[in-house]
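Per-entry structural report
The lines below spell out each chain.
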Amino acid sequence: MFFQEPTPDTSGYMIAGYTIAFLVMGLYVLSLYLRNRNLQQDMSMLEELEDSAAKLEASLERQVKKSPAEPAGRKSAQTVTKQARKK
């Protein structure tokens, strides 16, 4: 008499739970894939920047070696006269 009630059918809840769990796991795997792809893109961009910076540094060193008497980026001092000022 006390336990005469049948067991309720909860298979719908079980299916819903598994569906939600697999959906969340699928989103997590997708997130990991996208993060990895973005990381690879960032790494390749940084390598390109590093290569271009090394090339720029090498070209600046070559320019300095060509003209050692005058520092790169500086102009030599010139005497200012009255005629130069009128121009």
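The coordinates are above.
Residues numbered from 1 in each chain as written. Predicted model: local features only at pLDDT ≥ 70, side-chain atom pairs only at ≥ 80, totals over all residues. Heavy atoms only, no water.

**Focus on the overall build of the protein**
What the protein contains, in helices and strands, is two helices and zero strands. Taking all 87 residues of the protein together, the buried fraction comes to 0%. (Helix = DSSP H or I, 4+ residues; strand = E, 2+ residues; numbered from the N terminus. Buried < 20%, exposed > 50% of the residue type's maximum accessible area, 1.4 Å probe, protein only.)

**Things to note about a negative patch on the surface**
On the surface, a cluster of negative charge is made up of Glu 47, Glu 48, Glu 50 and Asp 51. Relative to the assigned elements, Glu 50 resides in helix H1 (residues 11-66). The exposure class assigned to Glu 50 is exposed, which follows from its relative accessible area of 56%. (Patch = residues over 30% accessible without salt bridge, like charges linked within 9 Å, V, L, I, M, F, W, Y side chains within 5 Å. Areas by Shrake-Rupley, 256 points an atom, 1.4 Å probe, with all protein chains shown as cover. Salt bridge = Lys/Arg side-chain N within 4 Å of Asp/Glu carboxyl O. Lys, Arg positive; Asp, Glu negative; His and termini not counted. Charge placed at Lys NZ, Arg CZ, Asp CG, Glu CD.)

**Section: the packing of aromatic side chains**
Applying the stated criterion across every chain, the model contains one aromatic pair. Relative to Phe 22, the ring of Tyr 18 has its centre 6.4 Å away and its plane inclined at 25°; by these criteria the two rings are stacked. On the criterion of helical spacing, the pair formed by Tyr 18 and Phe 22 is a turn pair, its members being four residues apart in helix H1. The exposed category is assigned to Phe 22, whose relative accessible area is 55%. (Phe/Tyr/Trp six-rings, centres within 6.5 Å; stacked < 30°, edge-to-face > 60°.)

**Notes on a nonpolar patch on the surface**
Together, Met 14, Ile 15, Tyr 18, Phe 22 and Met 25 line one region of the surface with nonpolar side chains, adding up to about 580 Å² of accessible area. Within the secondary structure, Ile 15 sits in helix H1.

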